[in-house]
Amino acid sequence: MFLSNPAKSFLAVFLIIMAATGCGWLNPAENTAAPAIPGPNSRFPFKTKEPENFQCEIVQTAGGSARRTRLARKANWLRIDFDFGEKHQRSVLRIDKEYLIDNERRVYAEKVPLAGNIVEPQYSDLTHELLFANAARSKFEEIGREGGLIKYRMIADENDASESILYYDPSIGLPVRHEFFSISGEERSLEFSVDVSGFATGIDDGLFAVPAGFRKISLADFN
């Protein structure tokens, strides 16, 4: 399956977030600054700022397969669970330090702070980064209401053979679904979608701790 430009942009953003953990799950960690990702654009016709305390799951679906990521934030604490609920789930936990957790091996490692004047990557507005790929150069057009959600078409290029549809939930103040379509003549096909589910502002402090019984190993062994 060939992805449209918006879908490729989404994948690029997600890979940036993965690589920003510096844990080597995609590539070996390097002492280089993470690419800066722009913050929310004031041109959006709705609120985009995440609450200070929240948790949710983000499900990416493409080509008949899905990947689930859980995000949880409480003030300055953060947890990201990749492949959430799977045997091979791995997590980034940022509290007093940054920890990398491997559920399958029941081990964890401490990430060493970057040396010198290298800036640590920040994890602000992750739902924004995951849901707003290609949004910086897009216009938003409200096209309807559906089940309490406001439906927008994102227009980046009038000549682009693709279309992005975003669903915004005013009850929580965040987008909850983003759909990427390819268009060929009269045919319109869903290539990629991103969904937010299980949104909650009440968070168990137990999420922000290394699981009991997990063994500490070196970062090199973890990778």
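Numbering of residues begins from 1 in every chain and follows the order in which that chain's sequence is written. The predicted nature of this model means local features are confined to residues of pLDDT at least 70 and side-chain atom pairs, given and counted, to a pLDDT of 80 or more, with totals for whole chains, interfaces and linings taken over all residues. Hydrogens and water are ignored here; the side-chain numbers use all heavy atoms of the structure.

K.L.:
Looking at this structure, how should I read the nonpolar core?
P.N.:
For this analysis, a nonpolar core means a set of buried residues of the types Ala, Val, Leu, Ile, Met, Phe, Trp, Tyr and Cys, connected via side-chain atoms within 4.5 Å. When accessible area is computed with a 1.4 Å probe and restricted to protein chains, residues below 20% of their type maximum are described as buried, those above 50% as exposed, and intermediate ones as partly exposed. Ranked by internal contacts, the top residues of the largest apolar core, which has 23 residues, are Cys56, Ile58, Ile80 and Phe222. A helix here means a DSSP run of H or I that spans at least four residues, while a strand means a run of E at least two residues long, and both kinds are numbered starting from the N terminus. Counting residues per element, the ones that place at least two in this core are β1 (53–62), β3 (77–82), β6 (107–110), β9 (162–169), β10 (174–184) and β11 (187–200). Core analysis: the next-biggest nonpolar cluster, separate from the first, contains nine residues, Tyr108, Leu207, Phe208 and Phe214 among them.

K.L.:
When you look at the pattern of salt bridges in this model, what are you seeing that I'm missing?
P.N.:
Think of it this way: side chains of opposite charge can pair up when their charged atoms draw near. Within this document, salt bridges are pairs made up of a side-chain nitrogen of Lys or Arg and a carboxyl oxygen of Asp or Glu, the two lying within 4 Å of each other. Under the definition given, this model contains 18 salt bridges. Here Glu57 and Arg68 are joined by a salt bridge, their closest N and O atoms 2.6 Å apart. Here Glu57 is found in strand β1, whereas its partner Arg68 is found in strand β2 (residues 65–74), with eleven residues between them in sequence. With relative accessibility at 34%, the residue Arg68 sits in the partly exposed group. Asp102 is the salt-bridge partner of Arg105, the closest N and O atoms lying 2.8 Å from each other.

K.L.:
What should I look at first to understand the sheet that holds strand β12 (residues 215–216) in this one?
P.N.:
The pairing of strands in a sheet comes from backbone hydrogen bonds and takes either a parallel or an antiparallel form. The twelve strands lie next to each other as β7-β8-β9-β10-β11-β1-β2-β3-β4-β5-β6-β12, forming an open sheet whose pairing is mixed. Lying at the two open borders of the sheet, with one neighbouring strand each, are β7 (139–146) and β12. Direction of pairing for β10 relative to β11: antiparallel, over a ladder of eight bridges. Bridging from a neighbouring strand, Glu179 pairs with Ser193 of β11. Pairing between two strands requires that DSSP report at least two bridges joining them.

K.L.:
I would appreciate a short explanation of the pairing of β2 in the present structure.
P.N.:
Every regular strand shows the same layout, with side chains that alternate between the two sheet faces. Two strands pair when backbone bridges link them, and β1 and β2 are joined in this way by ten bridges, in the antiparallel orientation. Within the sheet, the bridge partner assigned to Val59 lies in β2 and is Arg68. Two strands pair when backbone bridges link them, and β2 and β3 are joined in this way by six bridges, in the antiparallel orientation. Bridge pairing in β3 links Ala72 to Arg79. Between β2 and β3, which pair antiparallel in sequence order, lie two residues; one of them, Ala75, sits at a positive phi of approximately 55°.

K.L.:
Is there a simple way to think about the pairing of β11 in this case?
P.N.:
Strand direction decides the pairing type here: β1 and β11, joined by seven bridges, are antiparallel. Its bridge partner being in β11, Val59 is matched across the sheet by Asp195. As consecutive antiparallel partners, β10 and β11 are separated by two residues, and within that stretch Gly185 has a phi angle of approximately 65°, a positive value.

K.L.:
Is there a simple way to explain the confidence of the model for the protein in this structure?
P.N.:
Segments scoring low in pLDDT should not have their predicted coordinates read at a detailed level. Along the chain, pLDDT gives the predictor's confidence residue by residue, from 0 to 100. Looking at the protein as a whole, the pLDDT averages 76, with 67% of positions reaching at least 70. This model gives residues 1–42 a pLDDT under 50, and the stretch forms 84 contacts once residues within four places in sequence are excluded. For the stretch residues 117–121, pLDDT sits under 50, and the model shows 13 contacts to residues farther than four places along the chain or on other chains. Should any heavy atoms of two residues lie within 4.5 Å, those residues are counted as being in contact.

K.L.:
What is the right way to look at the environment of Ile95 in this model?
P.N.:
Assignment of secondary structure puts Ile95 in the loop between β4 (90–94) and β5 (98–102). Among the residues examined, Ile95 registers a relative accessible area of 23% and is labelled partly exposed. Remark: the alpha-carbon pair of Ile95 and Trp77, spanning 18 residues in sequence, is separated by 4.9 Å. Here Ile95 is in contact with Trp77 and Phe208, once residues within four sequence places are set aside.

K.L.:
Whenever I open this one, the packing of aromatic side chains confuses me. Can you help?
P.N.:
To describe a pair of aromatic rings, one takes the distance between the centres and the angle between the planes. Only Phe, Tyr and Trp rings are paired, with Trp represented by its six-membered ring, and only when their centres lie within 6.5 Å; those with planes under 30 degrees apart are stacked, over 60 edge-to-face, the remainder tilted. According to the stated counting rule, one finds five aromatic pairs in the structure shown. Ring centres of Phe140 and Tyr152 lie 6.4 Å apart, and the angle between their planes is 85°; on these two criteria the pair is classed as edge-to-face. In this pair, Phe140 is assigned in strand β7 and Tyr152 in strand β8 (residues 149–155), connecting sequence segments twelve residues apart. As far as the burial class goes, Phe140 and Tyr152 line up, both buried. Ring centres 5.9 Å apart and planes at 65° place the aromatic pair Phe180 and Phe192 in the edge-to-face group. Taken together, the residues span a long stretch of sequence, with Phe180 in strand β10 and Phe192 in strand β11 at a distance of twelve residues. We classify Phe180 as buried; its relative accessible area is 0%. A ring has a charge above it when a Lys NZ or an Arg CZ is no more than 6 Å from the ring centre and no more than 35 degrees off the ring normal. Over the ring of Phe222 we find Arg105; its NZ or CZ atom is 5.5 Å from the centre of that ring.

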